[in-house]
Amino acid sequence: MQSELEIQAVIGFTGKITQGLVLHPDNEHVIYPLGSTIVVRHIITRQQTFLRGHDNQISVITVSRTGDYVASGQKTYMGFQADIIIWDFKDRSMIHRLKLHKVLIQSLSFSYNELYLASLGGIDDKNMLIVWDIKAGKALYGTPNRDPVNQVQFYNQSDEKMIAVLNTGVQILTIDKQNKKIQSVDVNFGNVKRTFNCVAIDKNDKFCYCGTKTGDVFEVQMDMAIYKRLAPVKKLFSQGVNCLGLLQNGDIIVGAGDGMIAKVSFQTMQIVASSELLGGVTSISFTNDQTHFFAGTSQSNIYWLDTEKLIPELRNTCHYERINDVAFPHNYSDVFATSSLNDIRVWNAKNRQELLRIQVPNLECWAVAFMNDGKSIVSGWSDGKIRAFLPQSGRLLYVINDAHIHGCTSLTCTSDCQRIISGGSEGEVRVWEIGKQTQVMKSSMKEHRGRVWSIQVRRNNEQAVSASADGSCIIWDLKSFTRVMCLFESTLFKMVLYHPEESQLLTTGSDRKITYWETFDGQAIRMLDGSEEGEVNALAITKEGEHFVSGGEDKEVKLWGYDEGICYFKGQGHSGTITRITISPDQKTIISVGAEGAIFIWKMPESVINSKAQQELPTVQSVKKQNEFQQQQQQQQQVPKDAQSQKSNPNAKSVKSGTKSSKK
């Protein structure tokens, strides 16, 4: 039986989801999606809890007016049904799983008294709008729409009226209970044509404000279904209006696609205050007193702003693109580094805060490693350069120019910190000698014909092994810089590891197999099915070599017994391909990173930790034997000297007799 791996914490926030960041009405928790997981984080203590039930990326999230319910919808594959889940927030448990929509859930909205939930499907679902009974978990009313619909929103004072934001216009919808239909009225915009994005309704249900891709905001009188005013008066918002929020005095908070967040006056329809955020603004969520609000951006940053002057305070950061590598310093578990598009980030493993960001614009970092002495962070980049940075300040220490032609794809350091072994996308494996002022290439070994995905060095620094996409793993002699052995398999090798005893190798790749190899003769000893669906990209092994972890395109982290070859634990949470996995030096946590930009920190199971502790601690029987042996030694020491001389007499006699005979 496979048990479930426990998530200890996550670093990440899917910022590209519109209104994906929600401040709970209790003013203490922030709710946001990360891949297929919903994260509920306490604002002050930063304690995280997780709502897990989706099997693919979450596309929309909403919270009811009282905060009792949370609803979430997901994307799925073409032709398959997309789930909506209604959660009980207090118990953090699932109430209903609703299945009718196909492929994508576009929008969700709870009614005023929390009787109904409106859900909106995507283009593949014929833009189907369905109203559900929350208590029964059954669909009550449904209607398709010809035009693509972007958002649906219930009125603030009614359970029977809502607004639908179409690409080409806005509709006011009314639930007709007698005929079991949804009646619609189009809002009259005259000759003005726009593509509409989002809507915000005032508390009295008199006016609503609609944001457009052009970058302006329309004021609509809801009882007359006609538009009244247009804002801003002179300057449009660049890259369109992504989200809107309304203050109690009627002022509008506008989040734009270029990162601008602005306050528009209700009376003059002009911009009163504004500020720039990093990434397009996708979410606005107010506190109960509306003095402050959270803003989420497409670059996965979370800001805290006041509603008067809009002064931003950065609260949370994370990667917003694919993460390529993750590494711990040698024998230090409190800090780790990740590499992604444009940057390397160093994280505090305990409080999950970003400590350092090293940015190199318009480039991608493919590999990162710490030198064993902890004095530098070494990285391989898509422009073919190897860059080393100081770990505290992030200052550039040195650059090895033109280390590889089309990018440095993997690297590792020797334990004496004097050499770096790097691999390139053309198949070269190069050895660099690192001095105080110079970085010299000692050797370039060209036998691979494809990208080098992984390099590992033995503890004595005399040999290294490289895994390539050409279907070969080569063991290199680092003294003579020649090939010692070559392992062939019909697969694209993605990862290679030495077992801690260094008598065996562990490889994985595109054939979904995890293979054990003998380093003595290069023979494959055992092959395991690492995954049933996609290729396996990542491996990590414990210090004792009793367990190893794998991950790949099936988005699952698996913990295996090395000797048994059995998968004991499985962890689900990623919504993208797992690119790298590592185990912390203290062996208490597993860290996995994925193509969606998420960092998952998994708790190492107690059974695995206990088995290691039992190995380290001597058993009761061995302790007894040691005590008995010590007692025997003490008794021998207490024996009189005469007895000892008697025991040793026969030898003494033979020596003496020998001397006497020689005298004769």
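Residues numbered from 1 in each chain as written. Predicted model: local features only at pLDDT ≥ 70, side-chain atom pairs only at ≥ 80, totals over all residues. Heavy atoms only, no water.

**Student:** Is there a simple way to explain the overall build of the chain in this structure?
**Tutor:** Along the chain, the regular secondary structure elements total 4 helices and 55 strands. Overall, the chain is about 140 × 55 × 50 Å in size when its C-alpha atoms are taken along their principal axes. For the chain, with 664 residues in total, the buried portion stands at 55%. About 30700 Å² of surface is accessible on the chain, with carbon and sulfur atoms providing 46% of the total. Taking the average place of the 72 positive charges on the side chains of the chain and the average place of its 70 negative ones, the gap between the two points comes to 5 Å. (Helix = DSSP H or I, 4+ residues; strand = E, 2+ residues; numbered from the N terminus. Buried < 20%, exposed > 50% of the residue type's maximum accessible area, 1.4 Å probe, protein only. Areas by Shrake-Rupley, 256 points an atom, 1.4 Å probe, with all protein chains shown as cover. Lys, Arg positive; Asp, Glu negative; His and termini not counted. Charge placed at Lys NZ, Arg CZ, Asp CG, Glu CD.)

**Student:** I'm lost on the pattern of salt bridges in this one. Help?
**Tutor:** Opposite charge on two side chains permits pairing when their charged atoms draw close. If you walk through the whole model with that rule in mind, you get 20 salt bridges. Where Glu447 meets Arg483, a salt bridge forms, and the shortest distance between an N and an O atom there is 3.0 Å. Taken as a pair, Glu447 in the loop between strand 40 (439–446) and strand 41 (452–457) and Arg483 in strand 44 (residues 482–488) lie far apart in primary sequence, 36 residues in all. The exposure class of Glu447 is partly exposed, given its relative accessible area of 36%. Between Glu502 and Arg458 there is a salt bridge; the shortest N-O distance is 3.2 Å. With Glu502 in the loop between strand 45 (493–498) and strand 46 (504–509) and Arg458 in the loop between strand 41 and strand 42 (463–468), this residue pair connects regions lying 44 residues apart in the sequence. Here Glu502 falls in the buried class, since its relative accessible area comes to 10%. When salt bridges with common partners are traced through the structure, they connect Asp343, Arg345, Glu354 and Arg357 into a single cluster. (Salt bridge = Lys/Arg side-chain N within 4 Å of Asp/Glu carboxyl O.)

**Student:** Any chance you could explain the pairing of strand 8 (residues 69–74) here in plain terms?
**Tutor:** Regular strands have side chains that alternate between both faces of the sheet. Where burial is concerned, most of strand 8 is hidden: 6 out of the 6 residues are buried. Alternating residues of strand 8 divide into Tyr69, Ala71 and Gly73 and Val70, Ser72 and Gln74, and every residue in both groups is buried. Across 5 bridges, the pairing between strand 7 (residues 58–63) and strand 8 is antiparallel. Counterpart to Val63 in the pairing with strand 8 is Val70. (Pairing = 2+ DSSP bridges.)

**Student:** Just checking my understanding: could you explain the confidence of the model for the chain for this structure?
**Tutor:** Low pLDDT means the predicted atomic positions in that stretch should not be read closely. Looking at the chain as a whole, its pLDDT mean stands at 88, while 92% of the residues score no less than 70. Contacts from residues 616–626, a stretch scored under 50 in pLDDT, to residues over four places away or in other chains number 2 contacts. Segment residues 639–664 is flagged for pLDDT under 50; beyond a separation of four residues in sequence, or across chains, it makes 2 contacts in the model. (pLDDT = per-residue confidence, 0-100. Contact = heavy atoms within 4.5 Å.)

**Student:** How should I be thinking about the environment of Val40 in this particular structure?
**Tutor:** With respect to the secondary-structure elements, Val40 resides in strand 5 (residues 37–42). On the accessibility criterion, Val40 (1% relative accessible area) is buried. Sequence separation between Val40 and Leu51 is 11 residues; the distance between their C-alpha atoms is 7.7 Å. Each residue touching Val40, except ones within four places of it in the same chain, is listed here: His29, Val30, Ile31, Gln47, Gln48, Thr49, Leu51, Phe89 and Arg92.

**Student:** I'm lost on unusual backbone geometry in this one. Help?
**Tutor:** Excluding glycine, most residues fall at negative phi; most peptide bonds, likewise, are trans. Looking along the chain, the bond that leaves Ala231 and enters Pro232 is cis, with omega of -10 degrees. Examined against the element boundaries, Pro232 turns out to sit in the loop between strand 22 (226–231) and strand 23 (241–246). Positioned with a positive phi, Lys126 is a non-glycine residue whose angle comes to about 60 degrees. Tracing the backbone shows Lys126 in the loop between strand 12 (116–121) and strand 13 (129–133). A relative accessible area of 61% places Lys126 in the exposed class. In this model, Asp205 sits at a positive phi of 60 degrees, which is unusual for a non-glycine residue. When you line up the elements, Asp205 lands in the loop between strand 19 (196–201) and strand 20 (207–212).

**Student:** Is there a simple way to explain the UniProt feature "repeat: WD" (unreviewed entry) in the chain in this structure?
**Tutor:** UniProt annotation of "repeat: WD" (unreviewed entry) refers to residues 401–442, 445–486, 529–560 and 571–604 when read in the numbering used here. End C-alpha to end C-alpha, residues 445–486 measures 13 Å, and it is 0% helix and 60% strand. A helix fraction of 0% and a strand fraction of 56% characterise residues 571–604, whose end C-alpha atoms lie 11 Å from each other. (UniProt positions renumbered as here; feature names shortened; annotations may be inferred.)

**Student:** Please clarify how the sheet that holds strand 25 (residues 260–264) should be interpreted in this entry.
**Tutor:** Either a parallel or an antiparallel arrangement is found when strands of a sheet pair, and the pairing is made through backbone hydrogen bonds. In spatial order, the strands read 23-24-25-26; together these 4 strands make up an open sheet with antiparallel pairing. One side of each edge strand has no neighbouring strand; the edge strands of this open sheet are strand 23 and strand 26 (271–276). Sheet twist, expressed as the average angle between the axes of neighbouring strands with direction ignored, equals 20 degrees. Where strand 23 and strand 24 (residues 252–256) come together, 5 bridges link them in antiparallel fashion. From the neighbouring strand, Leu244 faces strand 24, where its bridge partner is Val254. (Axes fitted to C-alpha atoms, helices over the stretch in contact; angles between N-to-C directions.)

**Student:** Which parts of the structure should I look at to understand the sheet that holds strand 49 (residues 536–541)?
**Tutor:** Read across the open sheet, the 5 strands follow the order 1-52-51-50-49; overall the sheet is mixed. One side of each edge strand has no neighbouring strand; the edge strands of this open sheet are strand 1 (3–4) and strand 49. Pairing analysis gives 5 bridges linking strand 49 to strand 50 (residues 547–552), with the strands arranged antiparallel. Bridged to Ala538 within strand 50 is Gly551.

**Student:** Help me understand the nonpolar core in this model?
**Tutor:** A general tendency of soluble globular proteins is for nonpolar side chains to be buried together. Formed by 42 residues in total, the largest nonpolar core has its most connected members in Phe336, Ile581 and Ile599. What Ile599 contacts, discounting residues up to four positions off in sequence, is Ala9, Val10, Ile11, His319, Ile323, Phe336, Thr338, Trp347, Ile591, Ser592 and Val593. (Core = buried A, V, L, I, M, F, W, Y, C linked by side-chain atoms within 4.5 Å.)

**Student:** I'm lost on the state of the cysteines in this one. Help?
**Tutor:** Every disulfide links exactly two cysteines, by a covalent bond between their sulfur atoms. Using the criterion set out here, one finds 0 disulfides in the structure. Its sulfur unpaired, Cys243 is 6.6 Å from the next cysteine sulfur, which belongs to Cys198. (Disulfide = S-S within 2.5 Å.)

**Student:** Mind showing me how you'd approach the packing of aromatic side chains here?
**Tutor:** In this description, an aromatic ring pair is defined by two values, namely the gap between the centres and the angle between the planes. All told, the structure shown has 16 aromatic pairs when counted by the stated rule. Seen from their ring centres, Tyr77 and Phe80 are 6.5 Å apart, and the 80 degrees between their planes marks the pair as edge-to-face. For Tyr77, a relative accessible area of 51% translates into the label exposed. The interplanar angle of 80 degrees and the centroid separation of 6.1 Å between the aromatic rings of Phe548 and Tyr562 together place this pair among those described as edge-to-face. With Phe548 in strand 50 and Tyr562 in the loop between strand 51 (556–561) and strand 52 (566–572), this residue pair connects regions lying 14 residues apart in the sequence. Phe548 gets classed as buried once you look at its relative accessible area, which sits at 0%. Among the aromatic residues, ring-to-ring pairing joins Phe189, Phe196, Phe218 and Tyr227 into one connected group. Over the aromatic face of Phe266 sits the side chain of Arg229, whose NZ or CZ is 5.2 Å from the ring centroid. (Phe/Tyr/Trp six-rings, centres within 6.5 Å; stacked < 30°, edge-to-face > 60°. Lys NZ or Arg CZ within 6 Å of the ring centre and 35° of its normal.)

**Student:** Would you take a moment to explain the side chain of Asn301 for this structure?
**Tutor:** Here Asn301 shows up in the loop between strand 28 (292–297) and strand 29 (302–306). Overall, Asn301 belongs to the buried group, its relative accessible area being 2%. Here the side chain of Asn301 touches Leu278 through a polar contact of 3.4 Å, landing on its backbone oxygen. Apart from residues lying up to four places away in sequence, Asn301 is in contact with Phe13, Leu278, Ala295, Gly296, Leu314, Asn316, Thr317, Cys318 and Arg357. (Polar contact = N/O pair within 3.5 Å; in protein donor to acceptor, adjacent residues only side chain to side chain.)

**Student:** When you look at the pairing of strand 44 in this model, what are you seeing that I'm missing?
**Tutor:** Here 6 bridges tie strand 43 (residues 472–477) to strand 44, and the two strands are oriented antiparallel to one another. Among the inter-strand pairings, Asp477 is bridged to a residue of strand 44, identified as Thr482. Linking two consecutive strands that pair antiparallel, namely strand 43 and strand 44, is a turn of 4 residues; a positive phi of about 55 degrees is found at Phe481 within it.

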